Amino acid sequence: MSRTQNALNWMVWMANDPSHGYDQVYRWGERGDYDCSSAVISAWEQAGVPVKSNGATYTGNMENIFKACGFRNVVNEVNLSNGAGLQPGDVCLNRIHHVAMALANGQLVHASINERGRATGGQPGDQTGREFCVRSYYNYPWDVVLRYEGDQSDVSPAPVVVVEPERIDWHAENVKRGQRESIEFTGVNIDVDGKYGPETKRNKIRVLQVALNRDYCGPNAYVKRCYDIPLVIDGEWGPKTEAALAWHYICRGETQFMVTAMEICAYMGGNDPRGVEYPGTYGPGLAAVMNGDFCSSDVFRFCFAVV
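In this report, the structure presented in the accompanying data block is examined. Keep in mind that what you see is a predicted model, and the values were worked out from it rather than measured.

Turning our eyes to something else, we now look at the nonpolar core. Judged by nonpolar contacts, the single largest core of 34 residues is most densely connected at W44 and F66. When residues no more than four places from it in sequence are discounted, the contact partners of W44 are R3, T4, A7, V49, V51, F66, F71, G89, V91, M101 and Y148. Grouped together as the second largest cluster of nonpolar side chains are 25 residues, A211, M258, C265 and Y282 included.

Structure representation (structure tokens):
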């Protein structure tokens, strides 16, 4: 199998697997996602063309590095308006904004945009079927078209085996992250198994209880209000815990341990708020999980709705 065919197989395989979507933060497959350039770079790298090893990282440096690795600019041989003259494997590059790979029959394969119409802040995996996909040809417009010519110069190239990418259950991985964070935050050990069972739910309540005590009691409290007695960290949803939380709200930009608790709750529910801070600041990562809410006056609803 040629390196070109290997790279194409990898791109199409990824596009057909819904666990791979679009993201410009986790763009090298850390959570299964890629952006336009990291996808094309990874396809050729795993096919045996060392573009990434030689420094290709984004659209702005791809042209020169790809040329140094055996590609030639054939843009003058292609009708960019309709794609006539493209060959499977050709890399269609806009130096500033975008890149895609040509397939046969007037199609391209590319990583495009997430389910929120943005470059960041989406959930792992392809939520729309269009984040990493095969589609009809379009002219972005392309500045160059890079064609790999190394296959022609290889007299007897070493065989390259396409290995199916490992499928990762990101929901379970996020739950595990939440379980580990809850242990760190509460000091209470539970199984880290990626399953939302009774003990995980109890630790979620403990997380909220610890946050309430840290925010409202003691010399370093973020809000100078304390209950008659600090809450007992028992993982039970009783009247004192409910009363303490009932009036509470957080808004974008605020820093509290309750934000920490909500970040942990998000992970325990299988979502990704982009990290946990001690104490936490309500920023874009948590806001994305909360569907962009500027303020939340129902912490209980959020923490138990994300399950």
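Further remarks concern unusual backbone geometry. Omega for the bond connecting Y278 with P279 falls within 30 degrees of zero, at -10°, which places this linkage in the cis form. Within the secondary structure, P279 sits in the loop between α8 (257–268) and β9 (280–281). Despite not being glycine, N105 shows a phi value in the positive range, around 60°. Of the residues examined, N105 reaches a relative accessible area of 77% and is grouped as exposed.

With that out of the way, let us pick up the packing of aromatic side chains. Enumeration according to the criterion identifies 10 aromatic pairs in this entry. Considering the side-chain rings of W44 and Y148, the 5.4 Å spacing of their centres and the 50° angle between planes classify their relative orientation as tilted. Remark: Y148 occurs in strand β6 (residues 144–148) and W44 occurs in helix α2 (residues 36–46); sequence separation between them is 104 residues. Cluster of aromatic residues (ring-pair linked, three or more members): W44, F66, F71 and Y148.

Reading across the sheet, the 6 strands line up as β1-β6-β2-β3-β4-β5 and stay open at both edges, with antiparallel pairing between neighbours. Two strands bound the open sheet, and with one partner strand each, they are β1 (71–73) and β5 (132–136). Between one strand axis and the next, the sheet turns by 30° as a mean value, whatever way the strands run. Here strand β3 (residues 98–102) runs beside strand β4 (residues 107–111); their pairing, made up of 2 bridges, is antiparallel. Considered in β4, the bridge of M101 is made with V109. Each of β3, β4, β5 and β6 touches helix α1 (residues 3–16); the most contacted strand, β5, lies at about 105° to it. The strands that α2 touches are β1, β2 (91–94), β3, β4, β5 and β6; relative to β3, the one it contacts most, it runs at about 40°.

You can see G280 is positioned in strand β9. Residue G280 is classed as buried on the basis of its relative accessible area, which comes to 0%. Sequence separation of G280 and G253 is 27 residues, and the distance between their C-alpha atoms is 9.6 Å.

The rules behind the values
- The numbering scheme is per chain: residues are counted from 1 as the chain's sequence reads.
- At least 70 in pLDDT is required for a residue's local features to be given in this predicted model, at least 80 for side-chain atom pairs to be given and counted, and no such filter applies to totals for whole chains, interfaces and linings, which use all residues.
- Note that water and hydrogens are dropped before the side-chain values are worked out from all heavy atoms of the structure.
- Within this scheme, the nonpolar core is defined by two criteria: the residues are buried Ala, Val, Leu, Ile, Met, Phe, Trp, Tyr or Cys, and they are joined through side-chain atoms within 4.5 Å.
- Summary of the burial criterion: residues with accessible area below 20% of their type's maximum are buried, those above 50% are exposed, and those between are partly exposed, where the area comes from a 1.4 Å probe applied to protein chains only.
- Contact between two residues is taken to exist if any of their heavy atoms lie within 4.5 Å; hydrogens are not considered.
- Each helix is a run of H or I in the DSSP string that is no shorter than four residues. Each strand is a run of E no shorter than two, and both are numbered from the N terminus.
- Ring pairs shown here join Phe, Tyr and Trp side chains whose ring centres sit within 6.5 Å, with only the six-membered ring taken for Trp; geometry is labelled stacked below 30 degrees between planes, edge-to-face above 60, and tilted in between.
- Should DSSP find at least two bridges between two strands, the strands are taken to pair.
- Angles shown run from 0 to 180 degrees and are taken between the N-to-C directions of axes, each axis being a line fitted to C-alpha atoms and, for helices, limited to the stretch in contact.

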